[in-house]
Amino acid sequence: MRASLGRLAVYLLLALAAITVVFPVYYAVAGAFMTKGDLATYPPALVPHRLTAANFGGAARSVPLARQYVNSALVAGVITAAQLLTSILAAYALVFLPLRWRGPVFAVFLATLMVPWEAVVIPNYLTLSGWGLGNTYFGLVLPFLASGFGTFMLRQSFRQFPAELRDAARIDGAGHWRFLWRILVPLNRPSLAAIAIYVFLSAWNQYFWPLIITRTAQMQTLQIGLTSLRNADAADPGLILAGVLLSLLPTLALVVFGQRFIVRGLTAGAVR
Amino acid sequence: MPRPPSSIRPQPSTGGAPIAEKALAWAYLLPSLAVFAVFLGYPLYRTLYLSTHGNDLFGAPTRYVGLQHYTELLGSAQFGRTLVTTALFVLLTVVPGVLGALALVLLLENRIRGVRLLRSAFALPFAFSVASASVVFGVFYNPATGVLNGLLSQAGLGPVDWLTDSHYALVSVAVTTVWLNLGYNVLVLSAGIGSIPPEITEAARLDGAAGWRLARSVTVPLLGPHLFFLVVVSTINALQSFGQINILTQGGPDGASRTLVYSVYEKAFAYGSSDFGAASAQAVVLLVVVLACTAVQFGVVERKVHYA
């Protein structure tokens, strides 16, 4: 009986917590399909009385969402690909190649994880504006083409690679380039998947940098577009929630289906 | 399942290596190091440089002013209030964020049906960007049509101006931040619990430890390193929180939710501002505080935190 009561208490607490945590997700989805009437009633409706897709069209007319979707996908895709490439090369050099000052070089990579982006945002803005790259794709992606996070994770993975396999590959005549791309990269797919998901989420969700480096609605990313929906003169919660739902589709999919990869990256010192 | 032991490749020494391989190492490192130099190293120098110079109306540095920006900060009542607000925001987000996640993962340790589904549900906030979470909570906080005031009215209570009342603005932003980061916190601690060897937990159960006693005596101590990591990361994350403040309150009302990072933005970029000298001085203060947190993490982790 005591165990049953304890179990019941656990169930109730978990159910209450789940409702609290999931409700904003639910409301973002349900609200995107609610009519103006449902969203404007007081107290507000929690379940749509009638479903409508009009909010999506309204949001797309208020802000160039389709263009901003492409902008965000392009920026996040380029950043993810570039960070994977630079991290693979750097981690390989740190583990498999003769390198004087290996310790100091690794310390540089670690140091990049400690510098808050906000401490360097002003000079980066001035540099890229000075190069004429404000309000461009180059301006959006250039500062993020490399990072210590991916290198740190891959270095850990590469160091686990059995020495016998490497020696066997060398005896077979595999040079560094072939060993790296034909053997090492395929065998480290789980780590690479974790890095890719994590970097994509970070890039897709970026806010501060796109806010200051872009000026026009056509060049803004989706996250800035959401802010525009909220700041519109007649801010319509249905349009806002429709925009949110659109922005969430790729990241929700990644979190739901890629959760085990995300967990791999969590304790590698990354900061969201 | 502990990973089977495998031989760790000894790192190659540089002595006697062919010159081509040494050059290859630097070639492979060059892309990363170039990005770091241009977008982290040089900007750090320039932030320090700007913080010791005045600037014209367009932000271009003018004459050297030494520590004038810093002394002005130290003498500024507004800056003092900004620091207090920042510290309060850190407390309001880190304490409930870490303790809330800990409570959830401990509850999830009970063997009940639906645990996997629940764990996935608690991870959902991880998918939200700061912008998407902020605009959703902004809809909740709407004084006229928001869900929160709707609930209050159902309970017979009067409406609250969540974002425009100085008593509630900072707390409202903090609640948004706690929710936003809960998914990350739950995943970190779930991974921590997953890394506890099952035999330890089973041995404790056989000794009669269950429920609260198991959590207090075994699970929480073994989660020590992960909890400590989470506290430091959460603190740094709170110090760097910007989007939710910019979207929900713009540091208002009357500076009630202006944090250090928001103040940097306000001085440098908001409403056409370009006071890069003063903004850079505040950015340096932020840098020092964040580096201090990181130093604490590296210092304590090596010496004090209990390891499984």
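Residues numbered from 1 in each chain as written. Chains lettered and ligands numbered in written order. Predicted model: local features only at pLDDT ≥ 70, side-chain atom pairs only at ≥ 80, totals over all residues. Heavy atoms only, no water.

Caption draft 1: Representation of the pairing of strand β2 (residues 61–64) of chain B in the model. Residue and element names in this part refer to chain B. Sheet analysis places strand β1 (residues 53–55) next to β2, joined by two bridges and oriented antiparallel. Of the residues in β2, the one forming a bridge with asparagine 55 is proline 61. The hairpin formed by β1 and β2 contains five residues between the paired strands, and glycine 59 there has a positive phi angle of roughly 95°. (Pairing = 2+ DSSP bridges. Helix = DSSP H or I, 4+ residues; strand = E, 2+ residues; numbered from the N terminus.)

Caption draft 2: Here's a closer look at the layout of surface pockets. All names here are of chain B. What the second largest pocket holds in volume is close to 1400 Å³. What lines the second largest pocket is a set of 43 residues, and nearest its centre among them are Leu106, Leu107, Leu108, Glu109 and Asn110. Broken down by element, the lining of the second largest pocket gets its largest block of residues, seven residues, from helix α9 (residues 211–222). Here the residues of the lining of the second largest pocket sort into 23 nonpolar, ten polar and ten charged. (1 Å grid on protein atoms, 1.4 Å probe; cavity = no way out; pocket = protein on both sides within 12 Å on 5 of 7 lines; lining within 4 Å. Points joined across faces, edges and corners; volume = space filled by probe spheres on them. Nonpolar A, V, L, I, M, F, W, Y, C, P; charged D, E, K, R; others polar.)

Caption draft 3: Quick look at the confidence of the model for chain A. Residue and element names in this part refer to chain A. Averaged over every residue, the pLDDT of chain A is 88; residues scoring 70 or more account for 96%. In the model of chain A, helix α15 (residues 259–266) stands out as the element of lowest mean pLDDT, 75, in contrast to helix α7 (residues 137–141), which has the highest, 97. Note that pLDDT drops below 50 for residues 268–272; the model gives that stretch 19 contacts with residues more than four away or on any other chain. (pLDDT = per-residue confidence, 0-100. Contact = heavy atoms within 4.5 Å.)

Caption draft 4: Layout of the packing of helix α10 (residues 176–187) of chain A against helix α1 (residues 19–51) of chain B. Orientation of α10 of chain A relative to α1 of chain B, taken along the N-to-C sense of each, is 45°, at an axis distance of 12 Å. Relative to α1 of chain B, the element α10 of chain A is oriented oblique. Taken together, the residues of α1 of chain B that come into contact with α10 of chain A (itself represented by His176, Trp177 and Leu180 of chain A) are Glu21, Leu24 and Tyr28 of chain B. Taken together, the residues that form the contact of α10 of chain A with α1 of chain B break down as four nonpolar, one polar and one charged. (Axes fitted to C-alpha atoms, helices over the stretch in contact; angles between N-to-C directions. Parallel < 35°, antiparallel > 145°, perpendicular 65-115°, else oblique.)

Caption draft 5: Here's a closer look at the confidence of the model for chain B. A residue-level look at chain B finds 92% of positions with pLDDT of 70 or above and a mean pLDDT of 86. Here α9 of chain B stands out as the least confident element of chain B, with mean pLDDT 76; helix α11 (residues 243–248) of chain B is the most confident, with 95.

Caption draft 6: Representation of a nonpolar patch on the surface within the structure. Residue and element names in this part refer to chain A. Judged by side-chain polarity, Leu5, Leu8, Tyr11 and Leu12 come together as a nonpolar surface patch covering roughly 390 Å² of accessible area. Considering the arrangement of structural elements, one finds leucine 12 in helix α1 (residues 2–32). For leucine 12, a relative accessible area of 57% translates into the label exposed. (Patch = residues over 30% accessible without salt bridge, like charges linked within 9 Å, V, L, I, M, F, W, Y side chains within 5 Å. Areas by Shrake-Rupley, 256 points an atom, 1.4 Å probe, with all protein chains shown as cover. Salt bridge = Lys/Arg side-chain N within 4 Å of Asp/Glu carboxyl O. Buried < 20%, exposed > 50% of the residue type's maximum accessible area, 1.4 Å probe, protein only.)

Caption draft 7: Structural detail: the interface of chain A and chain B. Chain A puts 102 residues into the contact, and the matching count from chain B is 101 residues. Carbon and sulfur atoms make up 74% of the surface buried where chain A meets chain B, a total of about 9000 Å² over both sides. For the interface between chain A and chain B, the tally reads zero salt bridges. In this assembly, chain A and chain B are joined by nine residue pairs in polar contact (both at pLDDT 80 or more). Along the lines of polarity and charge, the residues of the side of chain A that touches chain B split into 75 nonpolar, 17 polar and ten charged. (Buried area = accessible area lost by both parts, 1.4 Å probe. Polar contact = N/O pair within 3.5 Å; in protein donor to acceptor, adjacent residues only side chain to side chain.)

Caption draft 8: Unusual backbone geometry, seen in detail. Residue glycine 252 of chain B is joined to proline 253 of chain B through a cis peptide bond whose omega torsion reads -10°. Here proline 253 of chain B lies in the loop between α11 and α12 (260–268). Phi at asparagine 135 of chain A is positive, roughly 65°, even though this residue is not glycine. By secondary structure assignment, the location of asparagine 135 of chain A is in the loop between α6 (121–130) and α7.

Caption draft 9: Region of interest: the pattern of salt bridges. Under the defined criterion, the tally for this structure stands at two salt bridges over all chains. With a closest N to O distance of 2.7 Å, lysine 36 of chain A and aspartate 236 of chain A form a salt bridge. One end of the pair, lysine 36 of chain A, is in helix α2 (residues 36–40); the other, aspartate 236 of chain A, is in the loop between α13 (222–231) and α14 (237–257), and 200 residues separate them in sequence. Judged by relative accessible area, lysine 36 of chain A falls into the exposed class, the value being 58%. By relative accessible area, aspartate 236 of chain A is classed as buried at 11%. For arginine 258 of chain B, the salt bridge identified is with glutamate 266 of chain B, shortest N-O distance 2.8 Å.

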